[in-house]
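If you want the building blocks of each chain, they are given just below.
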Amino acid sequence: MKQDSDLRNNLKSIRTRLGMSQQDLANIASVTRQTISGVESGLYAPSVSITLRLAKALGCQVEDLFWLERDLPEIEAVLAKPVPNGQQLRVSMARVGGQWIAYPLIGKDAFRQDMIPADGETCTGTNKVRVRLLDDNFDTLHNTVVIAGCAPVISLWARATERWHPQLRVQYNFANSMAALHSLCRGEAHIAGMHLYDPETGEYNTPFVRDVLAGKEAVLITLGVWEEGLLLQSGNPMGIRTISDLVAGGATIVNREIGSGSRMLLEQTLQKEQVPFDAVQGFNNVLKSHQDVAQAVVEGIADAGISTGSVATAFGLGFIPLHQSRYDLVILKQYLEEAPVQQLLSTLGHRMVHSQFEILGGYDISKIGEVVATV
């Protein structure tokens, strides 16, 4: 029978995963090798009898082998970030504030350590796009909580939470503090993580939240207090103790992007010590994450950079504390009653989460889960 244009199969991938040749499968299913080849290439639609024999031979369900392309639903979504037009995209999906948001999986956003599985695919557009889902499991998409932030511990929290609540999915979108806050304001995330200090008021995070959210009601919940400071090469061969030492010793640094808490700390410290920004070698060498800063110091690309004590420990680097910063989770009040968000927040009191944070070092979690402000 000629192939139905809507019929799809993954016969080859299952067969090869089991270490079977086309002839091996043909022998077990009592069909010809040409039949197997025709099905895999999409040139032949098998009869019900052959379909059942193939599924039995491979030890799986018929639905695992064959599906109709038109059965996969399409939904309209808003792209979370602009991308080049005309490019086919892998996207991750979540429901935020009553609308579907599509997060393009391109570049570094496609990876954490392993490549991130996609929920769907789309062709790019300027804003709203049609997304063809790769799975019809809407429960997973509806039970997805999106966090934007830059703290490496967010991923630890997310994985621990998913062990307690297997039906819950936590999507962590990397963003510096101000970018995360703006993402929350645009309706692209349920939660924004941030660590910004306002020297004029002596407050953490709240002044920035009031300014950016502009009247939207939100709560700030503490994740922890971390030490921020200078990452240095192991053994501190240059004998650096202060920011001023960087300039005096001709050390090279790497900086973070505008809007990040690390860059704000560097700038505030330089101003306090009356050191001009352009006196610091590498001030304009910008990297996008705590891990990238640490890696640059490890590889000798830079002598120093601003990050946290826990990152220094993870990379085996020296560390000079400069400041303690409170890392808060900012959540719009309209999301607080949603079941997935409640499940995620409830795990802030779990011992498993506390243990993951404690063994990192550099974190004070004595007030984890406390509401520290409402706006």
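For the structure, see preceding data.
All values reported here derive from a predicted model rather than from experimental measurement.

Caption draft 1: Spatial organisation of the pairing of strand β13 (residues 218-232). For β13, the tally of buried residues reaches 13 of 15 residues, placing the bulk of the element in the interior. Direction of pairing for β13 relative to strand β19 (residues 371-374): antiparallel, over a ladder of 3 bridges. Paired with L220 across the bridge in β19 is A373. Bridge count for β13 against strand β18 (residues 363-364) is 2 bridges, and the pairing is antiparallel. Looking at β18, one finds that W226 is bridged to Y363.

Caption draft 2: Representation of the nonpolar core. Ranked by size, the top nonpolar core spans 56 residues in total, and within it W157, L181, L223 and V330 carry the most contacts. With 6 residues, β13 is the single largest residue contributor to this core. Each residue touching V330, except ones within four places of it in the same chain, is listed here: L181, L184, H190, I191, A192, M194, V209, L213, A218, V219 and L220. With 19 residues, the next largest nonpolar core counts L7, M20, V31 and L54 among its residues.

Caption draft 3: Quick look at the packing of helix α2 (residues 22-29) against helix α3 (residues 33-41). Remark: α2 packs on α3, axes separated minimally by 8 Å, with the N-to-C direction vectors making an angle of 115 degrees. Looking at the two axes, α2 sits roughly perpendicular to α3. At the point where α2 passes α3, the crossing takes the right-handed sense. In this structure, α2 contributes Q22, Q23, L25 and A26 to the contact, and α3 contributes R33, I36, S37 and E40. In terms of residue class, the contact of α2 with α3 is made up of 3 nonpolar, 3 polar and 2 charged.

Caption draft 4: Structural context of the packing of aromatic side chains. In total, this model carries 3 aromatic pairs according to the counting rule given. Measuring from centroid to centroid gives 5.1 Å for W226 and Y327, while their planes differ by 65 degrees, and the two rings are edge-to-face. Of this pair, W226 sits in strand β13 while Y327 sits in strand β17 (residues 318-332), and the two are 101 residues apart along the sequence. No difference in accessibility class separates W226 from Y327, as the two residues are buried. Judged by centre distance (4.9 Å) and plane angle (15 degrees), the rings of F277 and F283 are stacked. Among the residues examined, F277 registers a relative accessible area of 27% and is labelled partly exposed.

Caption draft 5: Representation of the environment of L58 within the structure. Mapped onto the fold, L58 is located in helix α4 (residues 48-58). Residue classification places L58 among the buried residues on the basis of a relative accessible area of 8%. In this structure, L58 is in contact with L11, I14, R15, L18, M20, L25 and L65, ignoring residues within four places of it in sequence.

Caption draft 6: Region of the structure containing unusual backbone geometry. With a phi close to 65 degrees, N205 is a non-glycine residue in the positive phi region. Looking at where N205 falls in the secondary structure, it is placed in the loop between β12 (203-204) and α9 (206-213). The backbone phi angle of Q274 is positive, close to 55 degrees, even though this residue is not glycine. For Q274, the location among the structural elements is in the loop between α11 (261-272) and β15 (286-287). Judged by relative accessible area, which is 72%, Q274 ranks as exposed.

Scoring rules and cut-offs
Residue numbers here run from 1 along each chain, matching the order of that chain's written sequence. Predicted model: local features are reported for residues with pLDDT of at least 70 only, side-chain atom pairs are reported and counted for 80 or more only, and whole-chain, interface and lining totals are derived from all residues. Water and hydrogen atoms were dropped before computing side-chain values, which therefore reflect all heavy atoms in the structure. Relative accessibility decides the category of a residue: with a 1.4 Å probe and only protein chains considered, values under 20% of the type maximum give buried, values over 50% give exposed, and everything between is partly exposed. Secondary structure is summarised from DSSP: a helix means a run of H or I of at least four residues, a strand means a run of E of at least two, and numbering begins at the N terminus for each. When DSSP locates at least two bridges between a pair of strands, those strands are taken to pair. Residues enter a nonpolar core if they are buried and are Ala, Val, Leu, Ile, Met, Phe, Trp, Tyr or Cys, with the set joined through side-chain atoms within 4.5 Å. A contact between two residues is defined here by any heavy atoms of the two lying within 4.5 Å. Interaxial angles span 0 to 180 degrees and are taken between N-to-C directions of axes, which are lines fitted to C-alpha atoms, for helices over the stretch in contact. By definition in this entry, angles of less than 35 degrees are roughly parallel, angles greater than 145 are roughly antiparallel, angles of 65 to 115 are roughly perpendicular, and the rest are oblique. Working rule for handedness: look at the near helix, and if it is turned counterclockwise from the far one by less than a right angle, call the crossing left-handed; if clockwise, right-handed. Residue classes follow a fixed rule: Ala, Val, Leu, Ile, Met, Phe, Trp, Tyr, Cys and Pro count as nonpolar, while Asp, Glu, Lys and Arg count as charged, and any other residue, Gly among them, counts as polar. Working definition: a ring pair exists when centres of Phe, Tyr or Trp rings (six-membered ring for Trp) sit within 6.5 Å. Plane angles under 30 degrees give stacked, over 60 give edge-to-face, the rest tilted.

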